[in-house]
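# Coordinate analysis (summary)
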Amino acid sequence: MSNISATLSALKEQGKKALVTFITAGDPNLETSEKIVHTLIESGVDMIELGFPFSDPMADGPTIQLASERALKSGTTLPGILDMVARIRQHSNTPIILMGYFNPVFRYGLEAFARDAGAAGIDGLLLVDLPPEEAGELHPFLKDAKIDLITLLAPTTGAERCAQLAMAGEGFLYYVSMTGVTGSKQVDAGAIETAVSGLKAQSPVPVAVGFGISTPADAGAVAGIADAVVVGSALVKLIAEKSASPDLLESVGRFARELKKAI
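Okay, so let's go over this structure. Everything numeric in this text was worked out from a predicted model, so none of it was measured. (Residues numbered from 1 in each chain as written. Predicted model: local features only at pLDDT ≥ 70, side-chain atom pairs only at ≥ 80, totals over all residues. Heavy atoms only, no water.)

With that settled, consider the packing of helix α11 (residues 233–242) against helix α12 (residues 248–262). Direction vectors running N to C along α11 and α12 enclose 160°, while the axes themselves pass 9 Å from each other. Judged by the angle between their axes, α11 and α12 are roughly antiparallel. The two elements α11 and α12 cross, and the hand of that crossing is right-handed. Contacts from A234, L235, L238, I239 and K242 of α11 reach α12 at L248, S251, V252 and F255. The class makeup of the residues in the contact of α11 with α12 is seven nonpolar, one polar and one charged. (Axes fitted to C-alpha atoms, helices over the stretch in contact; angles between N-to-C directions. Helix = DSSP H or I, 4+ residues; strand = E, 2+ residues; numbered from the N terminus. Parallel < 35°, antiparallel > 145°, perpendicular 65-115°, else oblique. Left-handed = near helix turned anticlockwise from the far one by under 90°. Contact = heavy atoms within 4.5 Å. Nonpolar A, V, L, I, M, F, W, Y, C, P; charged D, E, K, R; others polar.)

Sheet architecture is open: nine strands sit in the order β5-β4-β3-β2-β1-β9-β8-β7-β6, paired in parallel fashion. Whereas interior strands pair on both sides, the edge strands pair on one side only; in this sheet they are β5 (148–149) and β6 (151–153). (Pairing = 2+ DSSP bridges.)

Take the side chain of D123 next. Within the fold, D123 resides in the loop between α6 (110–120) and β4 (124–127). We classify D123 as buried; its relative accessible area is 10%. A distance of 3.3 Å separates polar atoms of two side chains, one belonging to D123 and the other to N3. Non-local contacts of D123, meaning those with residues more than four positions away in its chain, are made with N3, I4, R89, T94, P95, I96, K146, I147 and D148. (Buried < 20%, exposed > 50% of the residue type's maximum accessible area, 1.4 Å probe, protein only. Polar contact = N/O pair within 3.5 Å; in protein donor to acceptor, adjacent residues only side chain to side chain.)

Next up on the list: the environment of P132. Relative to the helices and strands, P132 is located in the loop between β4 and α7 (139–144). Put simply, P132 and I213 are 81 residues apart on the chain and 25 Å apart in space, counted from C-alpha to C-alpha. Setting aside chain neighbours within four positions, we find P132 in contact with T151, R161 and L165.

A few words now on the nonpolar core. Counting 64 residues, the largest nonpolar core has L40, L50, L98 and L125 as the members making the most contacts within it. Looking at this core, the element that brings in the most residues is helix α4 (residues 78–88), giving six residues. Ignoring sequence-local partners within four residues, the contact set of L98 consists of L50, F52, L78, I81, L82, F113, I122, G124, L125 and L126. (Core = buried A, V, L, I, M, F, W, Y, C linked by side-chain atoms within 4.5 Å.)

It is worth spelling out the pattern of salt bridges at this point. This model, assessed by the stated rule, comprises eleven salt bridges. Two residues, D46 and K260, come together in a salt bridge whose shortest N-O distance is 2.5 Å. Of this pair, D46 sits in the loop between α2 (30–42) and β2 (47–51) while K260 sits in helix α12, placing them 214 residues apart in sequence. When its relative accessible area of 13% is taken as the criterion, D46 is described as buried. (Salt bridge = Lys/Arg side-chain N within 4 Å of Asp/Glu carboxyl O.)

These figures come from the coordinates and say nothing about function on their own.
Structure follows, in structure tokens:
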């Protein structure tokens, strides 16, 4: 059983839902990102999504696009992010999922990336622009490195394809709660309930919901439907607003605790 699966299984046995938080690694710099990750874990976050910056993040709205720009400007690289994760692993076994785009992974080298990510302590990988049908070259290397390849599903995914992808899920399924880019709309819990219920009936792995979840109230509503709640843009926005403030970590921890309490 993977680290992600074990974490979600333990939470389910306790009657709890998972809080997953996304930050862009290297925003405003890797040193601060490392401190933020520790703060999130200490504040009760169950899994961490680390976005690795890319110059053309087509699935992301302005908040995360700007975070990627700041991270790249600060000199953040994929090897640098893996080094950061390796340091975090000295203190925590909380699942860490890399989220981003295929180009940086391709340029790194598929086998080398999987090997180095596994050695650093990465538990999952989510590539927004790599359809599962096109992941055949990368997937065996991830399996060797014991890294779950997380599948994205959207409201526009057809029923037949949903069923196929759900059955092949690893770690968890990530259901995108709306069409459009990250941070573009508010979540409508009623609109996703039917889709998520259907996925849970078909999938051997839990279902997480993300995109548009920006407040503790949003998180609480989605937690009533899904196994895990993903919060990204709202946290990235908070980091941007507080990046030069001495109370950055305090603000991040407070927000994480409010989200965890709500779910």
